[in-house]
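Understanding the architecture of this molecule
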Amino acid sequence: MYTISRDYRKEIVIEKSRFICSLKKVHSEAEAQEFIKAVKKEFWDATHNCSAYIVDDLAQRSSDDGEPSGTAGIPMLEVLRKNGLTETAAVVTRYFGGIKLGAGGLVRAYSGSVAGAVKEAGLAQKILLGYYSFLYDVNSVGRILNVLYQQQLFEIADVQYDLRAKVILKMRAEQKAEAEAWLTENLNQQIELEQEGGAVTLAATGIMHKMLATYENRSPEFSGADCLREVVFYASNKKIQLL
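So, here is what we can say about the structure in this document. From a predicted model like this one, the values you see are computed outputs, not experimental measurements.

**Regarding the nonpolar core**
The biggest cluster of nonpolar side chains holds 27 residues, and the ones touching the most others in it are Leu 23, Met 76, Leu 85, Val 92, Tyr 110 and Val 114. Of all the elements, helix α3 (residues 102-121) adds the most residues to this core, at eight residues. Dropping the residues within four chain positions of it, Leu 85 is found in contact with Tyr 2, Thr 3, Ile 4, Ile 54, Leu 80, Val 118 and Leu 123. One finds Tyr 136, Ile 144, Met 171 and Leu 187 within the second-largest nonpolar core, a separate group that totals 20 residues.

Written out as structure tokens, the structure reads:
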């Protein structure tokens with residue numbers, strides 16, 4: 001699943017009407033509704049403030065806010081769905097320019113407004129990471145660390161020394177079995193990883209040149225605390241940072 005990589009706002013003009021799309025990452029329905037209220041307050045004099053949000057599979061809502069039924073909120077919601085987005089809210093503010101667009105024109109205007117904003121904001125893919133550990137002879141752990149640091153399957157998060165050394169690794173949860181096989185082969189003994197605490201979420205961001213497009217020219221940089229990392233990708237020579 002995806003979310004937007006950053007809060008974003010984009011304005012377009014269609015037949016003299018202004019369409020301002022505001023996007024925000026949200027973690028609950030209450031947060032989504034507060035965002036919608038805030039945008040309506042900001043653009044209190046607008047003709048319409050139509051909205052759509054997806055928090056998860058169950059919490060999904062949309063509003064036409066006075067536009068003809070089905071011409072604004074639902075098309076906006078469909079854009080979020082087609083991009084596989086969760087934890088995302090969108091409000092499209094319209095200032096009427098005097099020219100009626102018709103039902104089809106409204107659908108294209110509202111869906112296009114959200115699609116354009118999502119494209120420029122970039123998408124962030126949620127990847128579950130976990131911390132896993134194994135015990136090793138305290139007198140030999142220094143030797144194997146040299147081996148572990150040379151691979152790309154996982155990171156060494158910590159080494160704790162006691163009667164035996166505990167090596168704590170961080171990796172994608174789905175790669176646990178692969179990591180166990182690699183460790184068993186390269187350390188010449190059976191290694192079974194034990195999970196340390198809960199999983200964390202890593203968001204990998206990138207410019208999306210089309211719906212769910214593959215990332216291009218990726219070069220990650222890591223910073224921040226262990227349980228909340230920022231990943232910066234470079235796509236088409238433009239830097240997008242997850243906030």
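Next comes the rest of the description.
**Here's the deal with the side chain of Glu 67**
As for its placement among the helices and strands, Glu 67 is situated in the loop between β5 (60-63) and α2 (73-82). A residue is classified by how much of its surface remains accessible, and Glu 67, at 9% relative accessible area, is buried. Separated by 3.0 Å, the side chains of Glu 67 and Arg 94 make a polar contact. With residues near it in sequence (within four places) discarded, Glu 67 still touches His 48, Cys 50, Ala 72, Arg 94, Leu 106 and Tyr 110.

**Examining the environment of Tyr 95**
As for its position among the elements, Tyr 95 is in strand β6 (residues 88-95). Beyond its immediate stretch of four places on either side in the chain, Tyr 95 contacts Lys 16, Ser 17, Arg 18, Ile 20, Phe 43, Asp 45, Ala 46 and Thr 47. A distance of 2.6 Å separates a polar atom in the side chain of Tyr 95 from a polar atom in the side chain of Asp 45.

**Details of the packing of aromatic side chains**
A full pass over the atoms with the stated rule returns four aromatic pairs. Taking 5.3 Å as the distance between ring centres and 90° as the angle between the ring planes, the aromatic pair formed by Phe 19 and Tyr 110 counts as edge-to-face. Here Tyr 110 lies in helix α3 and Phe 19 lies in strand β3 (residues 17-25), a separation of 91 residues in the sequence. When the ring of Phe 43 is compared with that of Tyr 95, the centres are 6.4 Å apart and the planes differ by 80°; the resulting orientation is edge-to-face. Linking Phe 43 in the loop between α1 (29-42) and β4 (48-54) with Tyr 95 in strand β6, this pair joins segments that are 52 residues apart in sequence.

What counts, and at which threshold
Residues numbered from 1 in each chain as written. Predicted model: local features only at pLDDT ≥ 70, side-chain atom pairs only at ≥ 80, totals over all residues. Heavy atoms only, no water. Core = buried A, V, L, I, M, F, W, Y, C linked by side-chain atoms within 4.5 Å. Buried < 20%, exposed > 50% of the residue type's maximum accessible area, 1.4 Å probe, protein only. Helix = DSSP H or I, 4+ residues; strand = E, 2+ residues; numbered from the N terminus. Contact = heavy atoms within 4.5 Å. Polar contact = N/O pair within 3.5 Å; in protein donor to acceptor, adjacent residues only side chain to side chain. Phe/Tyr/Trp six-rings, centres within 6.5 Å; stacked < 30°, edge-to-face > 60°.

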